[in-house]
Amino acid sequence: MTNIRIETDLKGKCPELKLGIIQCELDTTEDCPELWKEINECIKRREKELDPEKIRQLSGIKSTKAAYRKVGKEPSRYRPSAEALLRRVVSGKGLYKINNVVDLLNLVSIKSGFSIGGYDVDKIAGEIRFGIGKKNEEYNGIGRGELNIECLPIFRDDKGAFGSPTSDSIRTSITINCSNFLMIIISFQGDNDLLKAMNLALALLQKHAKAHNIETQII
(Lines give C-alpha, C1' and ligand atoms only; values in the text may rest on other atoms or scores of the structure.)
Protein backbone atom coordinates (compact mmCIF):
# COMPACT_ATOMS: atom_id res chain seq x y z
CA MET A 1 0.00 0.00 0.00
CA THR A 2 1.13 3.55 -0.73
CA ASN A 3 2.64 5.19 2.35
CA ILE A 4 0.43 8.03 3.63
CA ARG A 5 0.92 10.27 6.66
CA ILE A 6 -0.78 13.29 8.21
CA GLU A 7 1.61 16.18 8.82
CA THR A 8 1.87 17.58 12.33
CA ASP A 9 0.74 21.12 11.38
CA LEU A 10 -2.62 19.84 10.13
CA LYS A 11 -3.07 17.20 12.84
CA GLY A 12 -2.34 19.81 15.49
CA LYS A 13 -5.13 22.08 14.24
CA CYS A 14 -7.52 19.20 13.48
CA PRO A 15 -6.91 16.47 16.07
CA GLU A 16 -10.08 14.56 15.09
CA LEU A 17 -8.80 14.06 11.53
CA LYS A 18 -8.87 10.48 10.25
CA LEU A 19 -8.32 9.11 6.75
CA GLY A 20 -10.11 6.00 5.50
CA ILE A 21 -7.89 4.51 2.79
CA ILE A 22 -8.74 1.94 0.13
CA GLN A 23 -6.20 0.85 -2.48
CA CYS A 24 -6.97 -1.73 -5.13
CA GLU A 25 -6.65 -2.87 -8.70
CA LEU A 26 -9.77 -2.45 -10.81
CA ASP A 27 -11.35 -2.01 -14.23
CA THR A 28 -12.27 1.53 -15.28
CA THR A 29 -15.05 1.82 -17.86
CA GLU A 30 -16.82 4.75 -19.47
CA ASP A 31 -20.33 3.59 -18.65
CA CYS A 32 -21.95 1.41 -16.01
CA PRO A 33 -25.77 1.31 -16.30
CA GLU A 34 -26.28 -0.78 -13.15
CA LEU A 35 -24.29 1.73 -11.10
CA TRP A 36 -26.32 4.59 -12.52
CA LYS A 37 -29.54 2.92 -11.42
CA GLU A 38 -28.20 3.13 -7.85
CA ILE A 39 -27.00 6.70 -8.34
CA ASN A 40 -30.34 7.89 -9.71
CA GLU A 41 -32.23 6.25 -6.86
CA CYS A 42 -29.97 7.98 -4.35
CA ILE A 43 -30.34 11.32 -6.14
CA LYS A 44 -34.14 11.08 -5.91
CA ARG A 45 -33.95 10.37 -2.16
CA ARG A 46 -31.50 13.17 -1.50
CA GLU A 47 -33.59 15.66 -3.47
CA LYS A 48 -36.54 14.90 -1.19
CA GLU A 49 -34.58 14.75 2.08
CA LEU A 50 -32.27 17.74 1.81
CA ASP A 51 -32.13 21.47 1.18
CA PRO A 52 -29.07 23.78 1.41
CA GLU A 53 -29.47 24.33 5.17
CA LYS A 54 -29.85 20.60 5.90
CA ILE A 55 -26.77 19.94 3.77
CA ARG A 56 -24.74 22.40 5.86
CA GLN A 57 -25.82 20.54 9.02
CA LEU A 58 -24.71 17.08 7.86
CA SER A 59 -21.98 16.01 10.28
CA GLY A 60 -19.38 15.17 7.64
CA ILE A 61 -19.82 18.53 5.93
CA LYS A 62 -20.17 20.56 9.12
CA SER A 63 -16.95 19.10 10.57
CA THR A 64 -15.04 19.66 7.32
CA LYS A 65 -16.07 23.32 7.16
CA ALA A 66 -15.10 23.78 10.80
CA ALA A 67 -11.68 22.29 9.98
CA TYR A 68 -11.27 24.73 7.07
CA ARG A 69 -11.81 27.62 9.47
CA LYS A 70 -9.24 26.18 11.88
CA VAL A 71 -6.56 26.12 9.18
CA GLY A 72 -7.51 29.57 7.87
CA LYS A 73 -9.69 28.93 4.81
CA GLU A 74 -13.20 30.34 4.27
CA PRO A 75 -15.42 27.32 3.46
CA SER A 76 -18.17 29.38 1.80
CA ARG A 77 -15.69 30.27 -0.96
CA TYR A 78 -13.99 26.86 -1.08
CA ARG A 79 -16.79 24.41 -0.42
CA PRO A 80 -15.95 20.81 0.45
CA SER A 81 -16.61 18.60 -2.56
CA ALA A 82 -19.35 16.62 -0.74
CA GLU A 83 -21.27 19.84 -0.11
CA ALA A 84 -20.83 20.96 -3.72
CA LEU A 85 -22.11 17.61 -5.01
CA LEU A 86 -25.13 17.62 -2.71
CA ARG A 87 -26.00 21.23 -3.54
CA ARG A 88 -25.92 20.25 -7.20
CA VAL A 89 -28.19 17.28 -6.51
CA VAL A 90 -30.82 19.21 -4.53
CA SER A 91 -30.90 21.93 -7.21
CA GLY A 92 -32.03 19.27 -9.69
CA LYS A 93 -28.81 19.16 -11.72
CA GLY A 94 -27.89 15.57 -10.83
CA LEU A 95 -24.30 14.37 -11.08
CA TYR A 96 -21.81 14.43 -13.94
CA LYS A 97 -21.16 11.08 -15.60
CA ILE A 98 -17.37 10.59 -15.79
CA ASN A 99 -16.50 6.90 -15.49
CA ASN A 100 -17.54 4.05 -13.21
CA VAL A 101 -14.79 4.72 -10.64
CA VAL A 102 -15.37 8.46 -10.28
CA ASP A 103 -19.13 7.97 -10.40
CA LEU A 104 -19.19 5.43 -7.57
CA LEU A 105 -16.88 7.66 -5.52
CA ASN A 106 -19.39 10.48 -5.94
CA LEU A 107 -22.19 8.13 -4.88
CA VAL A 108 -20.36 7.32 -1.65
CA SER A 109 -19.84 11.03 -1.07
CA ILE A 110 -23.49 12.05 -1.47
CA LYS A 111 -24.62 9.12 0.69
CA SER A 112 -22.08 9.71 3.48
CA GLY A 113 -21.42 13.45 3.43
CA PHE A 114 -17.66 12.86 3.35
CA SER A 115 -15.39 14.54 0.84
CA ILE A 116 -13.40 11.82 -0.92
CA GLY A 117 -10.22 11.84 -2.95
CA GLY A 118 -9.78 9.42 -5.86
CA TYR A 119 -6.35 8.98 -7.45
CA ASP A 120 -4.51 6.95 -10.06
CA VAL A 121 -1.71 5.35 -8.04
CA ASP A 122 0.53 5.16 -11.10
CA LYS A 123 0.51 8.97 -11.29
CA ILE A 124 1.65 9.43 -7.68
CA ALA A 125 5.35 9.81 -6.88
CA GLY A 126 6.63 8.64 -3.49
CA GLU A 127 5.04 9.11 -0.08
CA ILE A 128 1.75 10.99 0.31
CA ARG A 129 1.61 13.74 2.95
CA PHE A 130 -1.61 15.44 4.08
CA GLY A 131 -0.85 18.97 5.25
CA ILE A 132 -1.79 22.63 4.79
CA GLY A 133 -1.49 24.47 1.49
CA LYS A 134 1.09 27.23 1.12
CA LYS A 135 1.00 30.61 -0.58
CA ASN A 136 1.52 30.48 -4.37
CA GLU A 137 1.58 26.66 -4.38
CA GLU A 138 0.67 25.45 -7.87
CA TYR A 139 -2.57 23.51 -8.20
CA ASN A 140 -4.78 22.79 -11.21
CA GLY A 141 -8.14 21.55 -9.90
CA ILE A 142 -10.51 19.33 -11.88
CA GLY A 143 -13.21 21.61 -13.25
CA ARG A 144 -11.75 24.53 -11.27
CA GLY A 145 -8.60 25.52 -13.16
CA GLU A 146 -5.93 27.27 -11.09
CA LEU A 147 -6.99 26.99 -7.45
CA ASN A 148 -5.66 29.03 -4.53
CA ILE A 149 -4.81 26.25 -2.07
CA GLU A 150 -3.18 28.45 0.56
CA CYS A 151 -4.53 27.25 3.94
CA LEU A 152 -6.50 24.37 2.39
CA PRO A 153 -5.92 20.81 3.63
CA ILE A 154 -3.78 19.35 0.84
CA PHE A 155 -2.35 16.01 -0.25
CA ARG A 156 1.20 16.17 -1.65
CA ASP A 157 3.63 13.72 -3.15
CA ASP A 158 7.18 14.18 -4.38
CA LYS A 159 5.93 16.20 -7.36
CA GLY A 160 3.79 18.60 -5.29
CA ALA A 161 0.14 19.14 -4.34
CA PHE A 162 -2.43 16.89 -6.00
CA GLY A 163 -5.54 16.52 -3.83
CA SER A 164 -7.84 18.38 -1.43
CA PRO A 165 -11.32 18.01 0.11
CA THR A 166 -12.46 20.82 -2.22
CA SER A 167 -11.16 19.59 -5.58
CA ASP A 168 -8.71 16.95 -6.75
CA SER A 169 -6.11 17.85 -9.35
CA ILE A 170 -5.89 16.95 -13.01
CA ARG A 171 -2.42 15.42 -12.54
CA THR A 172 -3.58 12.36 -10.59
CA SER A 173 -7.14 12.16 -11.97
CA ILE A 174 -8.95 8.92 -12.81
CA THR A 175 -9.17 8.28 -16.55
CA ILE A 176 -10.27 5.26 -18.52
CA ASN A 177 -6.69 3.95 -18.33
CA CYS A 178 -6.64 3.72 -14.53
CA SER A 179 -6.02 0.22 -13.14
CA ASN A 180 -4.42 1.03 -9.77
CA PHE A 181 -6.75 3.09 -7.63
CA LEU A 182 -6.46 4.94 -4.33
CA MET A 183 -9.50 6.26 -2.49
CA ILE A 184 -9.12 8.47 0.58
CA ILE A 185 -12.22 9.26 2.63
CA ILE A 186 -11.48 12.41 4.64
CA SER A 187 -13.09 12.59 8.08
CA PHE A 188 -12.68 15.57 10.40
CA GLN A 189 -14.99 13.87 12.92
CA GLY A 190 -12.80 10.95 13.96
CA ASP A 191 -14.10 7.43 13.38
CA ASN A 192 -17.74 8.52 13.35
CA ASP A 193 -19.40 6.91 10.29
CA LEU A 194 -16.00 6.40 8.61
CA LEU A 195 -16.02 2.60 8.58
CA LYS A 196 -19.61 2.62 7.27
CA ALA A 197 -18.53 4.81 4.34
CA MET A 198 -15.52 2.58 3.67
CA ASN A 199 -17.68 -0.55 3.63
CA LEU A 200 -20.08 1.10 1.17
CA ALA A 201 -17.16 2.08 -1.07
CA LEU A 202 -15.71 -1.44 -0.95
CA ALA A 203 -19.02 -3.00 -1.92
CA LEU A 204 -19.45 -0.61 -4.86
CA LEU A 205 -15.85 -1.08 -6.05
CA GLN A 206 -16.23 -4.85 -6.07
CA LYS A 207 -19.66 -4.79 -7.68
CA HIS A 208 -19.13 -2.15 -10.35
CA ALA A 209 -15.35 -1.99 -10.95
CA LYS A 210 -14.18 -5.60 -10.33
CA ALA A 211 -11.91 -4.43 -7.53
CA HIS A 212 -9.31 -6.95 -6.37
CA ASN A 213 -6.02 -7.04 -4.45
CA ILE A 214 -7.76 -4.71 -2.02
CA GLU A 215 -5.94 -3.13 0.91
CA THR A 216 -7.51 -0.86 3.54
CA GLN A 217 -6.43 1.13 6.56
CA ILE A 218 -7.51 4.02 8.77
CA ILE A 219 -4.90 6.55 9.86
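It should be emphasised that the depicted structure is a prediction, and the values quoted were computed from it without experimental measurement.

Caption draft 1: Spotlight on the overall build of the chain. Of regular secondary structure, the chain possesses seven helices and 10 strands. Relative to its length of 219 residues, the chain is compact, with a C-alpha radius of gyration of 16 Å against a globular reference of 17 Å. Once the C-alpha set of the chain is aligned to its principal axes, its extents read approximately 40 × 40 × 30 Å. Put simply, the chain has 219 residues, and 53% of those count as buried. Counting contacts in the chain only where the partners sit at least 6 residues apart, residues at least 24 apart contribute 76% of the total. In the structure as shown, the chain presents an accessible area of about 10,000 Å², 47% of it carried by carbon and sulfur atoms. Within the chain, the 30 negative side-chain charges are centred at a point lying 6 Å from the centre of the 34 positive side-chain charges.

Caption draft 2: Structural view of the pairing of strand 3 (residues 115–120). Taking burial as the measure, the six residues of strand 3 include six buried ones, the bulk of the element. Burial of strand 3 is two-sided: the residues Ser115, Gly117 and Tyr119 facing one way and the residues Ile116, Gly118 and Asp120 facing the other way are all buried. Strand direction decides the pairing type here: strand 3 and strand 9 (residues 180–187), joined by six bridges, are antiparallel. Paired with Ser115 across the two strands is Ile186, which belongs to strand 9.

Caption draft 3: Geometry of the sheet that holds strand 4 (residues 128–132). Spatially, 1-4-7-8 is the arrangement adopted by the four strands of the open sheet, whose pairing is mixed. The outermost strands of the open sheet, each flanked by one partner alone, are strand 1 (4–6) and strand 8 (160–163). Geometrically, the sheet is characterised by an average inter-axis angle of 40° between neighbouring strands, direction not taken into account.

Caption draft 4: A look at the packing of helix 6 (residues 100–112) against helix 7 (residues 194–209). Contact pair helix 6 / helix 7: the axes reach a minimum separation of 10 Å and the direction vectors enclose 155°. Here helix 6 is positioned roughly antiparallel relative to helix 7, judged by the angle of their axes. Helix 6 and helix 7 meet at a crossing whose hand is right-handed. Residue-level inspection shows Asn100, Val101, Leu104, Leu107, Val108, Lys111 and Ser112 of helix 6 in contact with helix 7, the latter providing Ala197, Leu200, Ala201, Leu204, Leu205, His208 and Ala209. Looking at the contact of helix 6 with helix 7, its residues break down into 10 nonpolar, three polar and one charged.

Caption draft 5: Quick peek at the sheet that holds strand 10 (residues 212–218). Judged by pairing direction, the sheet is antiparallel, and its four strands sit side by side in the order 3-9-2-10 without closing on themselves. Two strands close off the open sheet at either side, each with one partner strand: strand 3 and strand 10. Strand-to-strand, the axes of this sheet are offset by a mean angle of 15°, without reference to chain direction. Direction of pairing for strand 2 (residues 18–25) relative to strand 9: antiparallel, over a ladder of eight bridges. In the sheet register, Ile22 faces strand 9, and the bridge partner there is Met183. Across the sheet, helix 6 is in contact with strand 3 and strand 9; its angle to strand 3 comes to roughly 165°.

Caption draft 6: Quick look at the pattern of salt bridges. With the rule as written, the count across this model stands at 13 salt bridges. Residue Glu38 pairs with Lys207 through a salt bridge whose shortest N-O separation is 3.0 Å. Taken together, the residues Glu38 in helix 2 (residues 33–49) and Lys207 in helix 7 connect sequence positions 169 residues apart. Among the salt bridges present, the one from Asp158 reaches Arg129, with a minimum N-O distance of 3.1 Å. Here the residue Asp158 occupies a position in the loop between strand 7 (153–157) and strand 8, and Arg129 occupies one in strand 4, the gap between them amounting to 29 residues. Residue Asp158 is classed as exposed on the basis of its relative accessible area, which comes to 57%. One salt-bridge network, in which partners are shared between bridges, spans Glu7, Glu137 and Arg156.

Caption draft 7: Local environment of unusual backbone geometry. Of note in the backbone geometry, Asp193 takes a positive phi value of approximately 70° without being a glycine. In this fold, Asp193 is placed in the loop between strand 9 and helix 7. At Lys210, a residue that is not glycine, the phi angle is positive and equals roughly 55°. Note that Lys210 resides in the loop between helix 7 and strand 10.

Quick notes on the rules
Counting of residues starts from 1 at the beginning of each chain's written sequence and follows it residue by residue. Two thresholds apply to this predicted model, a pLDDT of at least 70 for residue-level local features and 80 or more for giving and counting side-chain atom pairs, whereas whole-chain, interface and lining totals are computed over all residues. In computing side-chain values, all of the structure's heavy atoms are included and hydrogens and water are not. The helix and strand labels rest on DSSP assignments: H or I over at least four residues marks a helix, E over at least two residues marks a strand, and numbering proceeds from the N terminus. Radius of gyration here is computed from C-alpha atoms only, and the compact-globule reference equals 2.2 Å multiplied by the residue count raised to the power 0.38. Burial classes: relative accessible area under 20% of the type maximum marks a residue as buried, over 50% as exposed, and values in between as partly exposed (1.4 Å probe, protein chains only). Here, two residues are considered to be in contact whenever any of their heavy atoms come within 4.5 Å of each other. Per-residue and other accessible areas follow the Shrake-Rupley method at a 1.4 Å probe size, with only the shown protein chains counted as cover for residues. Asp and Glu count as negative and Lys and Arg as positive, but His and the ends of the chain are not part of the count. Positions of charges follow a simple convention, taking NZ of Lys, CZ of Arg, CG of Asp or CD of Glu. Any two strands are treated as partners once DSSP identifies two or more bridges connecting them. For helices, the fitted axis covers only the stretch in contact; all axes are lines through C-alpha atoms, and the angles between them, taken along N-to-C directions, range from 0 to 180 degrees. Angles are sorted into four bins: roughly parallel if under 35 degrees, roughly antiparallel if over 145, roughly perpendicular if 65 to 115, and oblique for all others. The hand of a helix crossing depends on one turn: near helix anticlockwise from the far one by less than a right angle means left-handed, and clockwise means right-handed. Gly falls in the polar group here, along with every residue not listed as nonpolar (Ala, Val, Leu, Ile, Met, Phe, Trp, Tyr, Cys, Pro) or charged (Asp, Glu, Lys, Arg). By convention in these notes, a salt bridge is any Lys or Arg side-chain nitrogen within 4 Å of a carboxyl oxygen on Asp or Glu.

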